[in-house]
Amino acid sequence: MNENFQLDPSSLRILRELQRDARQTVQQIAERVGLSSTPCWKRIKAMERAGVITGYSALVDRARVGLGLLVVVEANLSLHSEALVREFERAVAATPEIVRCLSTTGQADYILTVMVADIATYERFLHATLFRLPGITHVRSSIVLKEVKADVRLPV
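Reference entry: report on the structure contained in this document. (Residues numbered from 1 in each chain as written. Predicted model: local features only at pLDDT ≥ 70, side-chain atom pairs only at ≥ 80, totals over all residues. Heavy atoms only, no water.)

## A look at the overall build of the chain
Link 1 in the chain: Secondary structure summary: the chain contains five helices and four strands in total.
Link 2 in the chain: Of the regular secondary structure in the chain, the N- to C-terminal order runs α-α-α-β-α-β-β-α-β.
Link 3 in the chain: A compact globule built from 156 residues would reach a C-alpha radius of gyration of about 15 Å, whereas the chain, at 20 Å, exceeds it by more than 25%.
Link 4 in the chain: Its C-alpha atoms give the chain principal-axis dimensions of roughly 55 × 40 × 25 Å.
Link 5 in the chain: The buried share of the chain, taken over its 156 residues, is 29%.
Link 6 in the chain: A separation of at least 24 residues holds for 64% of the contacts in the chain among residues at least 6 apart in sequence.
Link 7 in the chain: Counting 20 positive and 17 negative side-chain charges, the chain places the averaged centre of each group 6 Å from the other. (Helix = DSSP H or I, 4+ residues; strand = E, 2+ residues; numbered from the N terminus. Rg over C-alpha atoms; globule rule 2.2 N^0.38 Å. Buried < 20%, exposed > 50% of the residue type's maximum accessible area, 1.4 Å probe, protein only. Contact = heavy atoms within 4.5 Å. Lys, Arg positive; Asp, Glu negative; His and termini not counted. Charge placed at Lys NZ, Arg CZ, Asp CG, Glu CD.)

## Here we look at the packing of aromatic side chains
Link 1 in the chain: Following the criterion strictly, the structure yields two aromatic pairs and no others.
Link 2 in the chain: Note on F88 and Y110: the rings are 4.6 Å apart at their centroids and 45 degrees apart in plane angle, and the pair reads as tilted. In this pair, F88 sits in helix α4 (residues 82-93) while Y110 sits in strand β3 (residues 110-116), placing the two residues 22 residues apart along the sequence.
Link 3 in the chain: Residue classification places Y110 among the buried positions, given a relative accessible area of 4%.
Link 4 in the chain: For the pair Y122 and F125, a centre-to-centre distance of 6.2 Å together with 35 degrees between the ring planes defines the contact as tilted. Here Y122 and its partner F125 are both found in helix α5 (residues 119-128), three residues apart, which amounts to about one turn of the helix.
Link 5 in the chain: You can call Y122 buried: its relative accessible area is 4%. (Phe/Tyr/Trp six-rings, centres within 6.5 Å; stacked < 30°, edge-to-face > 60°.)

## As for helix α1 (residues 9-20)
Link 1 in the chain: Given a rise of 1.5 Å per residue, twelve residues ought to cover 16 Å, and the 17 Å separating the end C-alpha atoms of α1 matches this to within 8%.
Link 2 in the chain: Turning to α1, its buried residues number three or more, namely S10, S11, I14, L15, E17 and L18. All buried residues of α1 lie within an arc of 165 degrees about the axis, which places them on one face of the element.
Link 3 in the chain: On its buried face, α1 sits against α2 (26-33) and α3 (37-50). (Expected span 1.5 Å × (residues − 1). Arc of directions from axis to C-beta.)

## Brief notes about the packing of α2 against α3
Any two packed helices are characterised by the angle at which their axes cross and by the distance between the axes.
Link 1 in the chain: Contact geometry for α2 and α3: axes closest at 9 Å, N-to-C directions at 100 degrees. When the axes of α2 and α3 are compared, the pair comes out roughly perpendicular. Between α2, through V26, Q27, I29 and A30, and α3, the contact on the second element is made entirely by S37, C40, W41 and I44.
Link 2 in the chain: A per-class count over the contact of α2 with α3 returns six nonpolar, two polar and no charged. (Axes fitted to C-alpha atoms, helices over the stretch in contact; angles between N-to-C directions. Parallel < 35°, antiparallel > 145°, perpendicular 65-115°, else oblique. Nonpolar A, V, L, I, M, F, W, Y, C, P; charged D, E, K, R; others polar.)

## Section: the packing of α1 against α3
Link 1 in the chain: Contact geometry of α1 with α3 gives a least axis separation of 10 Å together with a crossing angle of 80 degrees. Here α1 is positioned roughly perpendicular relative to α3, judged by the angle of their axes. Residues S10, S11, I14, L15 and L18 of α1 touch α3, and the partners they reach there are C40, R43, I44 and M47.
Link 2 in the chain: In terms of residue class, the contact of α1 with α3 is made up of six nonpolar, two polar and one charged.

## Focus: the environment of F125
Link 1 in the chain: The buried category is assigned to F125, whose relative accessible area is 5%.
Link 2 in the chain: Note: C-alpha distance between F125 and V26 (99 residues apart in sequence) is 43 Å.
Link 3 in the chain: Setting aside chain neighbours within four positions, we find F125 in contact with T95, E97, I98, V114 and L130.

Here is the structure:
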């Protein structure tokens, strides 16, 4: 990964287009950003090699795939040794229901985003998985009533 990769205005326009719709052809993207196909393709490949573009995926409606409950969880660890933190973070990474994990300052050591089917499923997940994560001492769950904004696009 190239830490010094420079993004010029054309590259930023390409990124905005890819975030809007990554299924576009290089020709379509090139037309929208005002480049010809070859330079556009070269910029995309360079951004992939540099790690600016880390992958491509489909956006999925969670409710339509049976994930009707979204929970924000504040979690605290018993201690903050390097070994325990690594073990906790590995366990979180291996838990599919936890779709996001943020190490934070403030009252919570971590803020997790959990997606499950319903409240009964969350209760089972809480007891069978969350309470058993390495080092967990405190968990506070907030049930999301409505997602006001859930944009995955970066403001480039």
